[in-house]
Amino acid sequence: MSNNDLWFSLPVGDWADAAMRWMMDAWDGFFGVVATILTSVCDALYFVFSTPPFWVIMLIVAVIAFFASGWKLAVGSIIGMLFIYGMGQWDNAMSTLSMVVEASAIAVLFGVPLGILAARVKWVSRITRPIMDFLQTMPAFVYLIPFVMIFSIGIVPGIVATVLFSIAPAVRFTELGIRQVDKSVVEAAYAFGAKPSRVLRQVELPLALPTIMAGINQVIMLALSMVVIAGMVGGGGLGNDIVQALQRVNIGLGAEAGLAVVVLAMILDRLTASFGKKSERANR
């Protein structure tokens, strides 16, 4: 249907374009600071992950996996990382891991407090719910368009888009976890004279931690998927190889980069899930 056949027209695209150009002019300095901070943090994380020999990182992850779930996860993590190294994708995997860690940390840093606030204040919950629905249902590729306009191509638009794409589970699961805490336990804490801040720290958050960890697990998985898509705008890492493989129809490169993403996702998923189960057992 052409625009001439419409009964009325809403120039939403024009409004969005005008709003974006106003933001670029009015907040140029702010966006410059954000880009500098995000780039510096990502570079620092990449330096930490890529500078030591691969076996050092592998042993550190194996030790973390052992304390999280036992020797099976530790051995599985070692095999997975050896697989990534053997395919020649270690540096790309560390670059992707740097972006995932940074984006996930930002999403959790903002999402968990917002979820706590939403669980405590009804009007905050009513406002955040449609916003989270919007962020979760918006196609992933659409996130990249405005941030490429603001930050140009590179890792920064990928990280910002990844934060927005992955923040919803942190908010939703935190709110759910706080709301599911037994009311009688909370009332007993108040009856003994505990202040709201102490009840939150010592009662609600510990009991809600398994649910919150499930949300963090989902944040990391969404961040990993979005960081790969961000390779289309120069995000680097495994996403860049996947985009190159698609452009060149290179099956071998696509298989290597794709399998490296799968292995990295499995390791991160098992680690976070294991910590969630560990916190759940501690609350019993």
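Procedures and definitions
Residues numbered from 1 in each chain as written. Predicted model: local features only at pLDDT ≥ 70, side-chain atom pairs only at ≥ 80, totals over all residues. Heavy atoms only, no water. Patch = residues over 30% accessible without salt bridge, like charges linked within 9 Å, V, L, I, M, F, W, Y side chains within 5 Å. Areas by Shrake-Rupley, 256 points an atom, 1.4 Å probe, with all protein chains shown as cover. Salt bridge = Lys/Arg side-chain N within 4 Å of Asp/Glu carboxyl O. Helix = DSSP H or I, 4+ residues; strand = E, 2+ residues; numbered from the N terminus. Buried < 20%, exposed > 50% of the residue type's maximum accessible area, 1.4 Å probe, protein only. UniProt positions renumbered as here; feature names shortened; annotations may be inferred. Core = buried A, V, L, I, M, F, W, Y, C linked by side-chain atoms within 4.5 Å. Contact = heavy atoms within 4.5 Å. Expected span 1.5 Å × (residues − 1).

Engineer: What should I look at first to understand a nonpolar patch on the surface in this one?
Structural biologist: On the surface, Val63, Phe66, Phe67, Trp71, Val75 and Ile79 cluster together into a nonpolar patch covering about 650 Å² of accessible area. Those elements giving two or more residues to the nonpolar patch turn out to be helix 3 (54–69) and helix 4 (71–86). Within the secondary structure, Phe67 is located in helix 3. Relative accessible area serves as the criterion here: at 57%, Phe67 is assigned to the exposed category.

Engineer: Whenever I open this one, the UniProt feature "transmembrane region" (unreviewed entry) in the chain confuses me. Can you help?
Structural biologist: Cross-referencing UniProt, the feature "transmembrane region" (unreviewed entry) maps to residues 30–49, 55–85, 97–121, 141–165, 207–229 and 249–268 in the present numbering. Measuring from the first to the last C-alpha atom of residues 141–165 gives 10 Å, for a span that is 88% helix and 0% strand. Each end of residues 249–268 is marked by a C-alpha atom, and these two atoms are 29 Å apart; helix forms 90% of the span and strand 0%.

Engineer: Help me out: how do you make sense of the nonpolar core in this one?
Structural biologist: Most often, soluble globular proteins have nonpolar side chains that are buried together. Judged by nonpolar contacts, the single largest core of 76 residues is most densely connected at Met94, Val100, Phe151, Val156, Ile159 and Met226. Of the residues forming this core, the biggest block, 14 residues, is contributed by helix 10 (residues 196–229). Those residues in contact with Val100, other than ones at most four positions away along the chain, are Ile220, Ala223, Leu224, Val227 and Leu268.

Engineer: Any chance you could explain the pattern of salt bridges here in plain terms?
Structural biologist: Here the idea is simple: oppositely charged side chains can pair when their charged atoms come close. Overall, the coordinates contain four salt bridges when judged by the stated rule. Across the pair Asp133 and Arg172 runs a salt bridge whose closest N-O atoms are separated by 2.2 Å. Here Asp133 is found in helix 6 (residues 122–137), whereas its partner Arg172 is found in helix 8 (residues 155–180), with 39 residues between them in sequence. Taking relative accessible area as the criterion, Asp133 reaches 36% and is therefore assigned partly exposed. Taking relative accessible area as the criterion, Arg172 reaches 26% and is therefore assigned partly exposed.

Engineer: Where do I start with the UniProt feature "domain: ABC transmembrane type-1" (unreviewed entry) in the chain in this structure?
Structural biologist: UniProt's feature table lists "domain: ABC transmembrane type-1" (unreviewed entry) at residues 93–272, given in the numbering used throughout. When the span residues 93–272 is considered, its composition is 88% helix and 0% strand, and the gap between its end C-alpha atoms is 18 Å.

Engineer: Hey, could you run me through the environment of Leu10 in this one?
Structural biologist: Mapped onto the elements, Leu10 comes out in the segment before helix 1 (12–26). Sequence spacing of Leu10 and Val181 is 171 residues, and the spatial spacing of their C-alpha atoms is 45 Å.

Engineer: Would you mind going over helix 6 with me for this structure?
Structural biologist: Think of an α-helix as 3.6 residues a turn; residues three or four steps apart then line up on the same face. Look at helix 6: 23 Å from first C-alpha to last across 16 residues, which is about the 22 Å you get at 1.5 Å a residue. The set of residues buried in helix 6 consists of Val124, Ser125, Thr128, Met132 and Leu135.

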